[in-house]
Amino acid sequence: RFPEVMLYDNVVCQHRLVTEHFGISSLELVVGWSMGAQQTYQWGCLYPEMVKRIAPFCGSAKTAPHNFVFLEGVKNALITDDAWKHGWYSPDAPPKKGLRAVGRVYAGWGLSQAFYRQECWKQLNYASLEDFLVGFWEGFFLQRDANNLLAMLNTWQHADISNNP
């Protein structure tokens, strides 16, 4: 239900905000993680005269097939919830099972093996791993709009800084 938005679109809009609204003409550093790293690469590609340095981490200039497949799992966790209704759900009845499932799928990718092995979730005051999965991951995604998540997933899946208009 959302329009298709690519990295290029996001960065062009960010550029307009930075230059037209804030009046900034030079950036010392653009930094981003994951999908933000992809946008960081796009900033460096589109505006090399403006951006002095980029620091992308845990991201790529083009989404790899393996990453695309991971995102398919995230997407399908969401759209297989009957409450999603092909995107025509009510704001009062979001696809909660799907959003919870997205949290569970993402939990395995969002943090490292060391985080789980060392039980770092305990330092965040969760009594158990299950409490962490419910409170942190499911809680995080339950606050999101399903269609917006799907639009972001599409942007991520089709990210390629060499594919610009």
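The residue numbering used here restarts from 1 in each chain and proceeds along that chain's sequence as written. In view of the model being predicted, local features appear only for residues whose pLDDT reaches at least 70, and side-chain atom pairs are presented and counted only at 80 or more, with totals across whole chains, interfaces and linings using the full set of residues. Hydrogens are left out, water is left out, and the side-chain values use all remaining heavy atoms of the structure.

## Here's the deal with the overall build of the protein chain
Quick note on the threshold: In this description a helix means any DSSP run of H or I spanning at least four residues, a strand means any run of E spanning at least two, and both kinds are numbered starting from the N terminus. A 1.4 Å probe rolled over the protein chains alone gives each residue an accessible area, and that area as a share of the maximum for its type sets the label: buried under 20%, exposed over 50%, partly exposed in between. Note on contacts: a residue pair qualifies if any of its non-hydrogen atoms lie within 4.5 Å across the two residues. Computed with a 1.4 Å probe, the accessible areas rest on the Shrake-Rupley method; for each residue, only the protein chains presented here act as cover. Charge assignment in this entry is limited to Lys and Arg as positive and Asp and Glu as negative, and neither His nor the chain termini are counted. Lys charges are placed at NZ, Arg charges at CZ, Asp charges at CG and Glu charges at CD.
Secondary structure assignment for the protein chain yields seven helices and two strands. In the protein chain, the order of α-helices and β-strands from amino to carboxyl end is α-β-α-β-α-α-α-α-α. With the principal axes as the frame, the protein chain shows a C-alpha extent of 50 × 40 × 35 Å. Evaluated residue by residue, the protein chain yields a buried proportion of 36% over its 165 residues. Across the protein chain, the fraction of contacts at a sequence separation of at least 24, relative to all contacts at a separation of at least 6, is 70%. Surface exposure of the protein chain reaches about 9,800 Å², of which carbon and sulfur atoms provide 57%. With 14 positive and 15 negative side-chain charges, the protein chain shows a separation of 3 Å between the mean positions of the two kinds.

## Some remarks on helix α2 (residues 35-46)
The cut-off we apply is this: A helix is expected to span 1.5 Å multiplied by its residue count minus one.
In a regular helix each residue adds 1.5 Å, so twelve residues correspond to 16 Å; α2 covers 17 Å between its end C-alpha atoms and thus fits that length. Buried within α2 we find M35, A37, Q38, Q39, T40, Q42 and W43.

## Observations regarding the pairing of strand β1 (residues 30-33)
Just so we agree on the cut-off: In this analysis, strands are considered paired if DSSP registers two or more bridges between them. Looking down the strands as they point away from you, a crossover is right-handed if its path from the first strand over the helix to the second goes clockwise.
Only one face of β1 is covered, namely the one carrying V30 and G32; the face carrying V31 and W33 has none of its residues buried. Bridge analysis of β1 against strand β2 (residues 54-57) gives four bridges, and the strand direction is parallel. From the neighbouring strand, W33 faces β2, where its bridge partner is F57. The handedness of the β1 to β2 crossover, carried by α2, is right-handed.

## With respect to the confidence of the model for the protein chain
Put simply, the rule is: Values of pLDDT, the confidence the predictor places in each residue, fall between 0 and 100.
Summing up the model confidence of the protein chain, the mean pLDDT is 95 and the portion of residues at 70 or higher is 99%. Taking the mean pLDDT of every element in the protein chain, the minimum, 94, falls on helix α3 (residues 65-79) and the maximum, 98, on helix α6 (residues 129-142).

## Some thoughts on the side chain of D81
The condition that has to hold: What counts as a salt bridge is simple: a side-chain nitrogen of Lys or Arg found within 4 Å of a carboxyl oxygen of Asp or Glu. In protein, a polar contact requires one atom able to donate a hydrogen and another able to accept it; more generally it is a pair of N or O atoms within 3.5 Å, and residues adjacent in sequence count only if both atoms are side-chain atoms.
The topology assignment puts D81 in the loop between α3 and α4 (96-110). The side chain of D81 is buried and forms no salt bridge, while K97, the nearest opposite charge, is found at 5.3 Å. There is a polar contact of 3.1 Å between the side chain of D81 and the backbone nitrogen of K97. Within the structure, the side chain of D81 is placed 2.7 Å from the backbone nitrogen of G98, a separation counted as a polar contact.

## Some points on the environment of A146
By secondary structure assignment, the location of A146 is in helix α7 (residues 146-157). Spatially, the C-alpha atom of A146 lies 9.0 Å from that of K96, the residues being 50 residues apart in sequence.

## Examining the nonpolar core
Spelled out, the test is: The criterion is simple. A nonpolar core is a set of buried Ala, Val, Leu, Ile, Met, Phe, Trp, Tyr and Cys residues joined through side-chain atoms within 4.5 Å.
The biggest cluster of nonpolar side chains holds 24 residues, and the ones touching the most others in it are L78, Y106 and W137. Elements supplying a minimum of two residues to this core: α3, α4, α6 and α7. Leaving out residues up to four positions away in the same chain, Y106 has contacts with S34, F70, V74, W137, F141 and W156.

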